[in-house]
Amino acid sequence: MLRFKMERTDEYELLIPFFIENGLEFDEDEKKAEGAVQAWKVTQGDHLVAGCSLVLREGHFVIEGIAVEKTFRKFGIGKILIDKALEEVRARGGKELLLMARKPAFYEKLHFTEVSPEDAPPIFDCLGCPQYGVDCFPKIMKYVLPETEPEA
């Protein structure tokens, strides 16, 4: 039986190489995400198998990076990390969570919806990249947190 451990982490700089190894575009010299709110890591023993970082940019909560090592992608780890990020956003009074998705179908299953670049806040670096729309086709996606019912 595989056992995983998920925990909050302040070791953002350790997630950067992991994100890069798993196909995300990050600056290798970046030590901490601008506007960093919270990060999580998932390990199996001493082996890092997944990570997620949440940032606040111009008043918008954004998943800066989320990756699960290919071997471990069918264990529901990505969904658990998204759920943790959504809990954090709600706890901080946020109403929505944004991200730039390379695999939009995964996020659609989690009830994220696509946002056109024209309707998105100008906080995504991808939109200015010369590869965007040429050989890189990520989608801006948003999850709107449901309103909670007032307690009686």
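These remarks concern the structure in this document.

**Focus: the overall build of the protein**
A tally of helices and strands in the protein yields three helices and seven strands. For the protein, the α and β elements follow one another from N to C terminus as β-α-β-β-β-α-β-α-β-β. The proportion of buried residues among the 152 residues of the protein is 41%. Accessible surface, the protein as shown: approximately 9,500 Å² in total, 50% of it carbon and sulfur.

**Some remarks on unusual backbone geometry**
One non-glycine residue, glutamate 58, adopts positive backbone phi at about 50 degrees. Here histidine 111, not a glycine, exhibits a phi torsion of approximately 75 degrees, which is positive. Turning to its location among the elements, histidine 111 is positioned in the loop between helix H3 (104-109) and strand E6 (113-115).

**Structural notes on the sheet that holds strand E1 (residues 5-9)**
Spatially, the seven strands line up as an open sheet ordered E1-E2-E3-E4-E5-E7-E6, and their pairing is mixed. Each edge of the open sheet is held by one strand with a lone partner, namely E1 and E6. On average, each strand axis in the sheet is inclined to that of its neighbour by 30 degrees, with strand direction left out of account. Note: strand E4 (residues 60-68) against strand E5 (residues 96-101), three bridges, orientation parallel. Each residue of the ladder has a partner; that of isoleucine 63, found in E5, is leucine 99.

**Points about the pattern of salt bridges**
Going through the model one piece at a time under the given rule, you end up with nine salt bridges. Note that lysine 5 is salt-bridged to glutamate 7, the shortest N-O span being 4.0 Å. A relative accessible area of 28% means that glutamate 7 is categorised as partly exposed.

**Considering the nonpolar core**
Ile82, Leu97 and Phe112 are the most contacted members of the largest nonpolar core, which has 27 residues in total. Where this core is concerned, the elements lending two or more residues are strand E2 (36-44), strand E3 (47-57), E4, helix H2 (77-91), E5 and strand E7 (139-144). If near-sequence neighbours (up to four positions away) are discounted, phenylalanine 112 is found in contact with Ile82, Leu97, Leu99, Tyr107, Met141, Lys142 and Tyr143.

**Concerning helix H1 (residues 12-21)**
Residues of H1 that are buried include every one of Tyr12, Leu15, Ile16, Phe18 and Phe19, and no others. Buried residues along H1 sit in contact with E1, E2, E3 and E4. The positive-phi residue at the C-terminal boundary of H1 is glycine 23, with phi of around 90 degrees.

Procedures and definitions
Residues numbered from 1 in each chain as written. Predicted model: local features only at pLDDT ≥ 70, side-chain atom pairs only at ≥ 80, totals over all residues. Heavy atoms only, no water. Helix = DSSP H or I, 4+ residues; strand = E, 2+ residues; numbered from the N terminus. Buried < 20%, exposed > 50% of the residue type's maximum accessible area, 1.4 Å probe, protein only. Areas by Shrake-Rupley, 256 points an atom, 1.4 Å probe, with all protein chains shown as cover. Pairing = 2+ DSSP bridges. Axes fitted to C-alpha atoms, helices over the stretch in contact; angles between N-to-C directions. Salt bridge = Lys/Arg side-chain N within 4 Å of Asp/Glu carboxyl O. Core = buried A, V, L, I, M, F, W, Y, C linked by side-chain atoms within 4.5 Å. Contact = heavy atoms within 4.5 Å.

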